[in-house]
Amino acid sequence: MGDSLILVGRVAGAFGVRGEVRITSFTAEPLALVDYRTLVREDGSPGLTLTAGRDAKGSIVVRAKEIETREQAEALRGLKLFIPRDRLPEPEDWDPKPAQLEWWYASGWVEPYAFHFAFFKAYAPPSYRILGLPGSLFGPFHAAHLALTDLRTGKRRFLEVADQDLFAKRGEALPGPRLALMGWRFYREGEGFRLEAPGVDLRFRPLKPPVVHPPSGTAETGRMHYQSYTRVAAWGEVLGEEARGEAWLDHQWGEQLSGLAATWDWFGLHLSDGSELMAYRVKAPSGRVVQVLASRVDPLGNREDLALDFLPLETWTSPSGRAYTLVWRLEGPELTLVLRPLFREGEILSRTTRVAYWEGPVAGEGRFRGYRVRARGMGEFVAGAFRP
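What you see is a predicted model; the values in this text were computed from it and never measured.

### A closer look at the nonpolar core
Stage number 1. Membership of the largest hydrophobic core comes to 30 residues, with the highest contact counts inside it found for F115, F117 and F204.
Stage number 2. When near neighbours in sequence (up to four residues on either side) are disregarded, F117 contacts W104, Y105, A106, A144, H145, L146, W184, F186 and L195.
Stage number 3. Counting residues in hydrophobic clusters, the runner-up holds 26 residues, among them F120, W248, V282 and L293.

Structure below.
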């Protein structure tokens, strides 16, 4: 699949005898798939032209211009359906997207704490079955993570929730965005956003317009589309204390299976010259590096690509036995930065998303275009799958 397409659904088979077809929709609102009308195949060739549709217990049943018989519909079982990327919303639109996997991040330093919040929306893979039925029939599942680091002591706190239990109250990801799961909430408020979670009530006001980074990943690992607010003012309360600082907001969506099809090393950094740096190294399951991305957003909010390499300097082995590179040099023709964690302990073994990763505050210094710069922000290093 090229970078110009995004997966929005998959043909599940025929429905009835009159040429209707059942489709597993990856849109936040399943029937929104019909609004796109014209869907294409993975190679960009014509797929289906939808003329009508209705809900059908976790999927949708549609009529398509190209299908007249049950046999024609059944012959398309498993067909992946896409829309052109240029039909997606603008950078300011952080609404849920038509995607198999999607997440929203908020992370940064709000002294005296560093924090990391993530909200996930995912559809079960086609082969996954629940009570003997295809997992896609149950709609999207949701999970949320919250990690707090006391910047004075290094003390950590990690919480997570999910609606994977069929009898649990279901979460929701609605336009706005309005994200909610078991009392945790992240939503747009006025010109900014607000996060409400156990022990945390933070407001965010973007200081620069959002940007769109190049998609992360490859055809081998799956791709994720990626947009950010790279510098936002943040204030509120954390664990009963007043907290204030700056944060970074991310939104990604696509078909990459985290920890299984891909792992990565990532930094979101605020530099002392008023710019921000996103650096992202994506790896195949074998550990082979398949992509390195870097975006710099200048003090005026303009994004540019940078060429750089991730050079590992120091590795730490966690209590679980996993090895994480925590000290790095980012090096390119225009930039050199050495980055270190404030505290080594930062591994997260998630029972909800079943991924092992390190997340925490980092800081460093170096040079950009000949001038000295300091950096601070967050790092994320994914080790792979975690099986509780």
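### Description of the packing of aromatic side chains
Here the distance between the centres and the angle between the planes together describe a pair of aromatic rings.
Stage number 1. Applying the stated criterion across every chain, the model contains 21 aromatic pairs.
Stage number 2. Arranged with centres 5.5 Å apart and planes meeting at 5°, the rings of F186 and F193 form a pair that is stacked. Like F193, F186 is buried.
Stage number 3. A connected cluster of aromatic rings, assembled from ring pairs, spans W94, F115, F117, F186, F193, F204 and Y229.
Stage number 4. K97 extends its terminal NZ or CZ atom over the ring of W253, reaching a point 4.8 Å from the ring centre.
Stage number 5. One cation-aromatic arrangement involves R170 over F141; the distance from NZ or CZ to the ring centre is 4.8 Å.

### Observations concerning the side chain of E380
Stage number 1. Looking at the secondary structure, you find E380 in strand β30 (residues 371–385).
Stage number 2. Within the local environment of E380, its side chain forms a polar contact with the side chain of Y105, the two groups lying 3.2 Å apart.
Stage number 3. A distance of 2.8 Å separates a polar atom in the side chain of E380 from a polar atom in the side chain of W264.
Stage number 4. Once residues within four sequence positions are removed from consideration, E380 is found in contact with Y105, H116, W264, D265, W266, Y357, W358 and E359.

### Overview of the pairing of strand β19 (residues 222–238)
Stage number 1. Of all 17 residues in β19, 14 are buried; the element is thus mostly enclosed.
Stage number 2. The pairing of strand β17 (residues 200–206) with β19 spans seven bridges and is antiparallel. Its bridge partner being in β19, R205 is matched across the sheet by A233.
Stage number 3. Pairing geometry for strand β18 (residues 211–218) and β19, over six bridges, is antiparallel. Paired with T218 across the two strands is G222, which belongs to β19.
Stage number 4. Connecting β18 to the antiparallel partner β19 that follows it, the hairpin turn spans three residues.
Stage number 5. With 13 bridges joining them, β19 and strand β20 (residues 241–254) adopt antiparallel strand pairing. Across the sheet, residue E237 finds its bridge partner in β20, namely E242.
Stage number 6. Joining the antiparallel neighbours β19 and β20 is a turn of two residues, in which L239 adopts a positive phi near 50°.

### Digging into unusual backbone geometry
Stage number 1. With an omega of 20°, the peptide bond running from E111 to P112 counts as cis.
Stage number 2. Mapped onto the elements of the fold, P112 is located in the loop between β7 (101–111) and β8 (113–122).
Stage number 3. Residue P177 is reached from G176 by a cis peptide bond, and omega for that bond is -5°.
Stage number 4. With respect to the secondary-structure elements, P177 resides in the loop between β13 (172–174) and β14 (178–181).
Stage number 5. A positive phi angle, close to 60°, is found at R354, a residue other than glycine.

### Focus on the environment of V17
Stage number 1. With respect to the element layout, V17 can be found in the loop between β1 (5–15) and β2 (20–25).
Stage number 2. Overall, the relative accessible area of 68% leaves V17 in the exposed class.
Stage number 3. As for V17 and T352, which are separated by 335 residues in sequence, their C-alpha atoms are 40 Å apart.

### Considering the pairing of strand β11 (residues 141–150)
Stage number 1. In terms of residue burial, β11 counts as a mostly covered element, since ten of its ten residues are buried.
Stage number 2. Of the two faces of β11, the one carrying F141, A143, H145, A147 and T149 and the one carrying H142, A144, L146, L148 and D150 are both buried.
Stage number 3. With seven bridges joining them, β11 and strand β12 (residues 156–162) adopt antiparallel strand pairing. Note that in β12 the partner of L148 across the bridge is R157.
Stage number 4. Between β11 and β12, which pair antiparallel in sequence order, lie five residues; one of them, G154, sits at a positive phi of approximately 85°.

### Thoughts on the environment of V289
Stage number 1. Inspection of the secondary structure puts V289 in strand β23 (residues 289–297).
Stage number 2. Owing to a relative accessible area of 39%, V289 belongs among the partly exposed residues under this scheme.
Stage number 3. Sequence separation between V289 and A262 is 27 residues; the distance between their C-alpha atoms is 9.8 Å.
Stage number 4. Excluding residues that lie within four positions of it along the chain, V289 makes contacts with R281, V282 and K283.

### Quick word on the pattern of salt bridges
Stage number 1. For the structure on display, the rule yields 27 salt bridges.
Stage number 2. Between K121 and E102 there is a salt bridge, and its shortest N-O distance comes to 3.2 Å. With K121 in strand β8 and E102 in strand β7, this pair connects stretches of sequence that are 19 residues apart.
Stage number 3. Taking relative accessible area as the criterion, E102 reaches 0% and is therefore assigned buried.
Stage number 4. Where R296 meets E304, a salt bridge forms, and the shortest distance between an N and an O atom there is 2.9 Å.
Stage number 5. Three or more residues are tied together by salt bridges with common partners; here these are R185, E189, R194, E196, D201 and R203.

Conventions adopted
- Residues numbered from 1 in each chain as written.
- Predicted model: local features only at pLDDT ≥ 70, side-chain atom pairs only at ≥ 80, totals over all residues.
- Heavy atoms only, no water.
- Core = buried A, V, L, I, M, F, W, Y, C linked by side-chain atoms within 4.5 Å.
- Buried < 20%, exposed > 50% of the residue type's maximum accessible area, 1.4 Å probe, protein only.
- Contact = heavy atoms within 4.5 Å.
- Phe/Tyr/Trp six-rings, centres within 6.5 Å; stacked < 30°, edge-to-face > 60°.
- Lys NZ or Arg CZ within 6 Å of the ring centre and 35° of its normal.
- Helix = DSSP H or I, 4+ residues; strand = E, 2+ residues; numbered from the N terminus.
- Polar contact = N/O pair within 3.5 Å; in protein donor to acceptor, adjacent residues only side chain to side chain.
- Pairing = 2+ DSSP bridges.
- Salt bridge = Lys/Arg side-chain N within 4 Å of Asp/Glu carboxyl O.

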